[in-house]
Amino acid sequence: MTTVNNTRQPYILEQARRRDRQRRLWQICGRLGLYGLLVGVSLWYMAPLFWMFMSSFMPLEQVGIFPPEWIPRQWQFHNYTDALDFWDFGNSLKNTLIITIFSLIGDLASSTIVAYGFARFRFPFRDALFLILLATLMLPFAVRLIPVYIAYNEIGWVNTFWPLIAPNYFGSAFYIFICRQFFLGIPQDLLDAAKIDGASEFRIFTQVMVPLAKPAIVVIAILSFQNSWNDFLGPLIYLQDAKLHTLAIGLYKFQSLPGQGGQYHLQMAASVMMVMPVLIVFFMFQKQFIQGANLSGMKG
Amino acid sequence: MATAFGSQLRALRGVRRERWRDLSPMRKREARFGLLFITPWIIGVLLFNLFPFVASFILSFTRYNVVEPPVWRGLDNYSKILTDDPLFWKSLGNTSVYVGGSVAIRIVLGFALALLLNAKVRFLGMWRTLFYVPSVVPIVALSIVWLYVLNARAGLLNWFLTLFGLPRVRWFADPDYAMLAFLIMSTTWVGVTMVIFLAGLQGIPEEYYDAAKIDGANWLQRLRRVTVPLMTPTIYLNVLINIIAAFQVFTQIFIMTGGSPRDATRTYVLHLFDHAFQYLPPEMGYSSALAWILFMIIFVFTAVIVVSSRRWVFYQG
């Protein structure tokens, strides 16, 4: 017996070692493949944006070359000033800022107030009303588009900023949902303590709830900003007067201007100018952007 | 959200309805405050949801060009749409292609990317950011860039194809490829579903995988028997959100092709938009009928998914 053991043990060990090596090799290959895939996917996502940025500095002749070139032969910074000559960027920026800021204020104020009502008070039909709120999220915008346009047309709001700003003062279902979920997580004891100290409902809301809900409020602010800044269909329908154009519409008109169809380098410069503020906000508030996306997937 | 909808619906059942006169004075006071706080939303829902919902239904039976008062036409709009508007069927077909393709892309690719990032990779935040950035870019700018990416002569995508020895494609000049081009472009927004899936994956307790490993489950078995079942609520939500959004695809198509070539990219909302805002005289009644048909289509899809979810969505606890 002992002799058999002596001869077999090294063999088993050898086999185990070989298996171990093989597994480690597989693991390394797997990891390499994984990172290779990640790099590949990143290139797919970044290439169009990188090219947009680079070509915004290129001379026009270089933009249409095949195969495409990625580095400007000469850095033409005047592409940006040239693009501004075709397009009243300053005015569009002003219009976009007005709409964005006033929508933001409305969204923040109305959504937190309504969410507080849903989260902290009991009243008849509350749950049924909240169900309706969630259902409105699934109502296609196409159904609302025409009657709302006709109504605004009737009261003379077409060619004003009102149709783009006013609705935000009545609470957006999605923001209310986010905020309510957050309010529900705040312990009731805290509110009871404030109540015992004699705070009114409005003081509790403004001085206890709102400061505590800051994370949710930042997410809503970012979503609201992004929404107004990027909005295309609203300004397209309501702001026909060229003086009222937003950046999104200005950029669209610039691209479709007769004779400008071929000015790719200037189009890219104009696009970069519109994209930059969003990217800056994104990189400043990355965490909240990701949270915002997650909240829409939240199990509540 | 959709799961919230479900739990809200369940909560409603079997709850004794409270009546105002049964409430104690203190509860009445509480209820009054609650209603006061939600008043803005109640006004909003009446003005921006209920009114347009009802109004577009009524308008869909009329002929209305905004200048003259609407004229009652009964079911004329609907019968014209169904029997005498080839572009309706064409646009419905194109939209179905987009819905099927883009929802599949967002769910399958989004899930795959989330799995990749969940495999304990280094620099997780960096990869996540790289995949997510394109989806925050304003859609007008994105459309202009993708017009160039999809350029037939010198576009980046054709260059990419030639790297693999494939022939160049005349994306927006070729009716057979134009819709495919939009599907390829729709990969841009996969980052959003990926982030949602990733958060879901990170919420799965490690113990489940350990237990499966001890039972000798391999990678594929763990994926099928542990990960996917636990992720069904998130998959359900993403399918729902993306189907509703995809049926209404408009902006990039309006900017990039306007429906050409030969109506190969004319989608449903583009068709509706043209009747209301592009053609003269505007046909608001006809357009409202189109909107209501779309609403019913989306409603049926949503209902089927919600009802079927009881069979395939798995809730823990």
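All of these numbers come straight from a predicted model, not from anything done at the bench.

**Quick notes on the overall build of chain A**
Along chain A, the regular secondary structure elements total 15 helices and zero strands. Taking 2.2 N^0.38 as the reference for a compact globule, 300 residues should give roughly 19 Å; the C-alpha atoms of chain A span a radius of gyration of 29 Å, well beyond that estimate. In terms of its C-alpha atoms, chain A occupies a principal-axis envelope of roughly 100 × 70 × 35 Å. Out of the 300 residues in chain A, the part that is buried amounts to 49%. Residue pairs in contact within chain A that sit at least 24 positions apart in sequence constitute 70% of those at least 6 positions apart. As displayed, chain A offers around 14,700 Å² of accessible surface, 64% of which is attributable to carbon and sulfur atoms. Looking at charge distribution, chain A has the averaged site of its 22 positive side-chain charges lying 17 Å from that of its 16 negative ones.

**Digging into a nonpolar patch on the surface**
All names here are of chain B. On the surface, Leu 46, Leu 50, Val 54, Phe 57, Ile 58 and Trp 72 cluster together into a nonpolar patch covering about 600 Å² of accessible area. Sorting elements by how many residues they give to the nonpolar patch places helix H2 (residues 25-59) first, with five residues. Mapped onto the fold, Phe 57 is located in helix H2. Overall, the relative accessible area of 37% leaves Phe 57 in the partly exposed class.

**Considering the side chain of Arg 180 of chain A**
Residue and element names in this part refer to chain A. Position of Arg 180 among the secondary structure elements: in helix H8 (residues 173-184). One buried charged residue, Arg 180, remains without a salt bridge, the closest side chain of opposite sign being Asp 127 at 5.5 Å. At 2.8 Å, the side chain of Arg 180 and the side chain of Gln 181 are in polar contact.

**Some details on helix H7 (residues 156-163) of chain B**
Residues of H7 of chain B that are buried: Leu 156, Leu 157, Asn 158 and Leu 161 of chain B. In the stretch just after H7 of chain B, Gly 165 of chain B is the one whose phi turns positive, near 75 degrees.

**Brief notes about the domain arrangement of chain A**
All names here are of chain A. Per the domain assignment, the segments of chain A are domain 1 (6-78) and domain 2 (82-295). Computed from C-alpha atoms alone, the centre-to-centre distance between domain 1 and domain 2 is 38 Å. Between domain 1 and domain 2, the contact holds 11 residues from the first and 11 residues from the second. Interface of domain 1 and domain 2: buried area, both sides summed, is about 850 Å²; carbon and sulfur atoms make up 75% of it. The interface formed by domain 1 and domain 2 contains zero salt bridges. On inspection of domain 1 and its partner domain 2, the count reaches one residue pair in polar contact (both at pLDDT 80 or more).

**A look at helix H14 (residues 264-284) of chain A**
Residue and element names in this part refer to chain A. The terminal C-alpha atoms of H14, which comprises 21 residues, lie 30 Å apart, in line with the 30 Å expected from a rise of 1.5 Å per residue. Of all the bends found along H14, the most pronounced is centred on Val 275 and spans about 35 degrees, while Pro 277, a proline, follows it within four residues. Of all 21 residues in H14, 15 are buried, a share of seventy percent or more.

**With respect to the packing of aromatic side chains**
On inspection of all chains with the given rule, the structure shows 59 aromatic pairs over all chains. Where Phe 53 of chain B meets Phe 295 of chain B, the ring centres are 5.2 Å apart and the plane angle is 80 degrees; that geometry is what we call edge-to-face. Note that Phe 53 of chain B is positioned in helix H2 and Phe 295 of chain B in helix H14 (residues 284-312), a separation of 242 residues in sequence. You can call Phe 53 of chain B partly exposed: its relative accessible area is 23%. Here the aromatic cluster, defined as three or more aromatic residues joined through ring pairs, consists of Tyr 149, Tyr 152, Trp 157, Trp 162, Phe 232, Tyr 238 and Tyr 252 of chain A together with Phe 250, Phe 254, Phe 273 and Phe 277 of chain B. The ring of Phe 130 of chain A carries the charged tip of Arg 180 of chain A above its face, separated from the ring centre by 3.9 Å.

**Quick look at the interface of chain A and chain B**
Contact residues are listed per partner, giving 104 residues for chain A and 109 residues for chain B. The junction of chain A with chain B conceals about 9,300 Å² of combined surface from both sides, 78% of it contributed by carbon and sulfur atoms. The interface formed by chain A and chain B contains one salt bridge. Note that Glu 30 of chain B and Arg 122 of chain A form a salt bridge whose closest N and O atoms lie 3.1 Å from each other. One can count 13 residue pairs in polar contact (both at pLDDT 80 or more) joining chain A with chain B. With 16 residues, the top contributor of residues to the side of chain A that touches chain B is helix H1 (residues 2-55) of chain A. Here the residues of the side of chain A that touches chain B are counted per class, giving 79 nonpolar, 16 polar and nine charged.

**Topic: the packing of helix H11 (residues 219-247) of chain B against H14 of chain B**
Residue and element names in this part refer to chain B. One can describe the packing of H11 onto H14 by two numbers: an axis separation of 10 Å at closest approach and a directional angle of 170 degrees. Between H11 and H14, the interaxial angle falls into the category roughly antiparallel. From H11, Thr 232, Ile 235, Tyr 236, Val 239, Leu 240, Ile 243, Ile 244 and Phe 247 reach across to H14, where they touch Leu 294, Ile 297, Ile 298, Phe 301, Thr 302, Ile 305, Val 306, Ser 309 and Trp 312. Residues belonging to the contact of H11 with H14 are distributed by class as follows: 14 nonpolar, three polar and no charged.

What counts as what
Residues numbered from 1 in each chain as written. Chains lettered and ligands numbered in written order. Predicted model: local features only at pLDDT ≥ 70, side-chain atom pairs only at ≥ 80, totals over all residues. Heavy atoms only, no water. Helix = DSSP H or I, 4+ residues; strand = E, 2+ residues; numbered from the N terminus. Rg over C-alpha atoms; globule rule 2.2 N^0.38 Å. Buried < 20%, exposed > 50% of the residue type's maximum accessible area, 1.4 Å probe, protein only. Contact = heavy atoms within 4.5 Å. Areas by Shrake-Rupley, 256 points an atom, 1.4 Å probe, with all protein chains shown as cover. Lys, Arg positive; Asp, Glu negative; His and termini not counted. Charge placed at Lys NZ, Arg CZ, Asp CG, Glu CD. Patch = residues over 30% accessible without salt bridge, like charges linked within 9 Å, V, L, I, M, F, W, Y side chains within 5 Å. Salt bridge = Lys/Arg side-chain N within 4 Å of Asp/Glu carboxyl O. Polar contact = N/O pair within 3.5 Å; in protein donor to acceptor, adjacent residues only side chain to side chain. Domains from an automatic or database assignment. Buried area = accessible area lost by both parts, 1.4 Å probe. Expected span 1.5 Å × (residues − 1). Bend = angle between axes of the 7 residues up to and from the residue. Phe/Tyr/Trp six-rings, centres within 6.5 Å; stacked < 30°, edge-to-face > 60°. Lys NZ or Arg CZ within 6 Å of the ring centre and 35° of its normal. Nonpolar A, V, L, I, M, F, W, Y, C, P; charged D, E, K, R; others polar. Axes fitted to C-alpha atoms, helices over the stretch in contact; angles between N-to-C directions. Parallel < 35°, antiparallel > 145°, perpendicular 65-115°, else oblique.

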